[in-house]
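The chain contents come next:
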Amino acid sequence: MSEDRFIHLAGELVPFDDAKVHVFSPAVRFAVHLFEGIRAYWNADTEELYVFRLAEHLDRLRAGMKVMRYEAIPSAAELEAVVLDTIRANKHKGDIGIRLSAYVLGDGFMDARGPIGVMCGTEPGRTTALEDRKTRAMVTAWRRIDDTAMPGRLKSAANYQNGRLGLMEARDAGYDEAIFLTPDGKVAEGAGACLFMIRGGVPVTPPATAGILESVTRATMIQSFTERFEAPVVERAIDRTELYMAEELFFCGSTYEVHPIVEVDSITVAEGAVGPQTAAMWTHYEGLIRGTLPDHAEWRTPVWGTQARDAAAE
Ligand code: PMP
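Along each chain, numbering runs from 1 in the same order as the chain's sequence is written. At least 70 in pLDDT is required for a residue's local features to be given in this predicted model, at least 80 for side-chain atom pairs to be given and counted, and no such filter applies to totals for whole chains, interfaces and linings, which use all residues. Neither water nor hydrogens contribute to the side-chain values; these are computed over all heavy atoms in the structure.

**Thoughts on the side chain of arginine 290**
No. 1: Here a helix means four or more residues in a row that DSSP labels H or I, a strand means two or more in a row labelled E, and each is numbered from the N terminus. Topologically, arginine 290 is positioned in helix H7 (residues 276-290).
No. 2: Only protein chains enter the accessibility calculation, which uses a 1.4 Å probe. A residue is then buried if its area is under 20% of the maximum for its type, exposed if over 50%, and partly exposed in between. For arginine 290, a relative accessible area of 17% corresponds to the buried category.
No. 3: Engagement of the side chain of arginine 290 in a polar contact is seen with the side chain of aspartate 95, the distance being 2.9 Å.
No. 4: Those residues in contact with arginine 290 that sit more than four places away from it in its chain are Tyr41, Trp42, Asn43, Tyr50, Asp95 and Arg300. Two N or O atoms form a polar contact when they lie within 3.5 Å of each other; inside protein one atom must be a possible hydrogen donor and the other a possible acceptor, and for residues adjacent in sequence the pair counts only when both atoms belong to side chains. Contacts are residue-level and defined by heavy atoms, with any inter-residue pair within 4.5 Å sufficient.

**Remarks on unusual backbone geometry**
No. 1: Omega for the peptide link from glycine 114 to proline 115 comes to -5 degrees, which places this bond in the cis form.
No. 2: Phi angles above zero are rare outside glycine, and lysine 91 is one such case at about 55 degrees.
No. 3: You can see lysine 91 is positioned in the loop between helix H3 (76-89) and strand E5 (96-104).

**Details of the sheet that holds strand E4 (residues 48-52)**
No. 1: We call two strands paired when DSSP finds no fewer than two bridges between them. Within the open sheet, the 7 strands sit side by side as E2-E1-E6-E5-E3-E4-E16. Their pairing is antiparallel. With partners counted over all chains shown, the strands left at the sheet margins are strand E2 (12-15) and strand E16 (300-302), one partner each. Here the average twist between neighbouring strands, direction ignored, is 30 degrees.
No. 2: The sheet contact formed by E4 and E16 spans 3 bridges and is antiparallel. Its bridge partner being in E16, valine 51 is matched across the sheet by threonine 301. Axis lines are fitted to C-alpha atoms, over the contacting stretch for helices. Their N-to-C directions set the angle, which ranges from 0 to 180 degrees.

**A look at the packing of helix H5 (residues 216-229) against H7**
No. 1: Look at H5 against H7: their axes get within 10 Å of each other, and the N-to-C directions meet at 105 degrees. With respect to H7, the element H5 is oriented roughly perpendicular. Here H5 contributes Thr217, Thr220, Met221, Ser224, Phe225, Arg228 and Phe229 to the contact with H7, which in turn contributes Gln277, Ala280, Met281, His284, Tyr285 and Leu288. Under this scheme an angle from 65 to 115 degrees is roughly perpendicular, one under 35 degrees roughly parallel, and one over 145 degrees roughly antiparallel; angles in between are oblique.

**A closer look at the pattern of salt bridges**
No. 1: The salt bridge criterion pairs a side-chain nitrogen of Lys or Arg with a carboxyl oxygen of Asp or Glu, the two atoms within 4 Å. In the structure shown here, the tally under the stated rule is 17 salt bridges.
No. 2: Put simply, glutamate 131 and lysine 134 hold a salt bridge, and the shortest N to O gap is 2.9 Å.
No. 3: Residue classification places glutamate 131 among the partly exposed residues on the basis of a relative accessible area of 46%.
No. 4: A salt bridge links arginine 153 to aspartate 147, with the nearest nitrogen and oxygen atoms 3.5 Å apart.
No. 5: On the accessibility criterion, aspartate 147 (48% relative accessible area) is partly exposed.
No. 6: One salt-bridge network, in which partners are shared between bridges, spans Arg39, Arg133 and Glu257.

**Details of the confidence of the model for the protein**
No. 1: The pLDDT averaged across the protein works out to 95; a share of 96% of its residues lies at or above 70.
No. 2: Averaged over each element, pLDDT in the protein is lowest for helix H8 (residues 305-313) (63) and highest for strand E8 (residues 177-181) (99). What pLDDT conveys is the predictor's confidence in a given residue, as a value from 0 to 100.

**A closer look at the pairing of E2**
No. 1: In terms of strand pairing, strand E1 (residues 6-9) meets E2 through 4 bridges, oriented antiparallel. Across the sheet, leucine 9 pairs through a bridge with glutamate 12, a residue of E2.
No. 2: Between E1 and E2, which pair antiparallel in sequence order, lie 2 residues; one of them, alanine 10, sits at a positive phi of approximately 50 degrees.

**Some words on the side chain of serine 224**
No. 1: Topologically, serine 224 is positioned in helix H5.
No. 2: The buried category is assigned to serine 224, whose relative accessible area is 4%.
No. 3: Apart from residues lying up to four places away in sequence, serine 224 is in contact with Phe229, Met281, His284 and Leu288.

**Points about the packing of aromatic side chains**
No. 1: Any two rings among Phe, Tyr and Trp, with Trp reduced to its six-membered ring, count as a pair given centres within 6.5 Å; such a pair is stacked if its planes are under 30 degrees apart, edge-to-face if over 60, and tilted if neither. In this structure the tally under the stated criterion is 9 aromatic pairs.
No. 2: With a centroid separation of 5.7 Å and an interplanar angle of 85 degrees, the aromatic rings of phenylalanine 52 and tyrosine 285 are classed as edge-to-face. Taken as a pair, phenylalanine 52 in strand E4 and tyrosine 285 in helix H7 lie far apart in primary sequence, 233 residues in all.
No. 3: Under the relative-accessibility criterion, phenylalanine 52 is labelled buried at 5%.
No. 4: On the numbers, 5.3 Å between centres and 10 degrees between planes, the contact of phenylalanine 196 with phenylalanine 250 is stacked.

**Describing the site of the ligand**
No. 1: Close contacts around the ligand come from 14 residues, with Lys155, Tyr160, Ser215, Thr217 and Ser254 the closest.
No. 2: Separating a nitrogen atom of the ligand from a side-chain N or O atom of glutamate 189 is a distance of 2.7 Å.
No. 3: A distance of 2.8 Å separates an oxygen atom of the ligand from a polar atom in the backbone of valine 216.
No. 4: Computed with the Shrake-Rupley method and a 1.4 Å probe, the accessible areas treat only the protein chains shown as cover for residues. For the ligand, the protein covers 96% of the area, taking 390 Å² as the surface of the free molecule.
No. 5: Among the residues forming the shell around the ligand, the class breakdown is 6 nonpolar, 5 polar and 3 charged. If a single non-hydrogen atom of a residue is within 4 Å of a molecule or strand, that residue counts as near it. Note that Gly is not counted as nonpolar here; it falls among the polar residues with everything else outside the nonpolar set of Ala, Val, Leu, Ile, Met, Phe, Trp, Tyr, Cys and Pro and the charged set of Asp, Glu, Lys and Arg.

**Examining the nonpolar core**
No. 1: Here, the term nonpolar core denotes a set of buried Ala, Val, Leu, Ile, Met, Phe, Trp, Tyr and Cys residues that are joined through side-chain atoms within 4.5 Å. Formed by 26 residues in total, the largest nonpolar core has its most connected members in Val51, Ile87, Ile98 and Leu100.
No. 2: Contributions of two or more residues to this core are made by strand E3 (33-43), E4, helix H2 (54-67), H3, E5 and strand E6 (116-124).
No. 3: In this structure isoleucine 87 touches Leu49, Val51, His92, Ile96, Ile98, Thr122, Val303 and Trp304, once residues within four positions along its chain are discounted.
No. 4: Counting residues in hydrophobic clusters, the runner-up holds 23 residues, among them Ala188, Ile198, Ile222 and Leu288.

Next up, the structure:
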């Protein structure tokens, strides 16, 4: 990996190759590990990099630490400083992905509550046209974890064993992505993204109680459908057959952004093209994340600002 790439680890910026965690840690042995996948977008007009909805990502991470009973939860201000310091140390002036993790170190058992480690690293962002993101999905036989067993609404690394099983099944069967059903057979979400359906012209998405991650992008979409398109989203249980009958389907998430689903279980969604509402939502979302739309400036945390830019130039 690049020698000039820095990871924020245990309060210090260290070279990428030196960012290590002990194999005996509960983080490794029992996946006592919560994380966030965040994106930041470069705006060429303002020459600024904006982290999208950082506060909401930090809220979810801190909620996860509370539920999983971590012994000392860093403040939102401390976590924000970790993220911004990492980006600035890596001198990013372009789209990036940001990984922020909080996990349990030491050599304790599965009930260990600390010591807590915090890590932040960055990677280049990727941008592809919506047309190139057309996705073929399969309903996996693996059911989405239920809140009575695992806290699916939190971004716990352990939950991704569930996602991994479904995703591998789908990929081995020649599909791009998996769609999970809840234990009682209603649509939940993808392995790493939430799902929206357009039926009868109405945007629909499964409720937050369907075992899904409490997604930041899902919340953005719900607000945007209402504010921008005056099309309130209906949060309700979705049956599997509705996926086959939908006018449009798309996945969304911080990393996936918007991915049109054009086929489910070898049945074509509508005509198999990118739907008009999906395309409109992507255009709107792109404006929000990059700040080319003025709406919701509070969702964009500027990385450089005048002071940070001057300091970096020194
Ligand atoms: N569901 C799952 C299982 C995910 O891993 C993700 C990606 N974090 C999402 C949904 C989308 O969440 P967000 O919009 O907060 O990135």
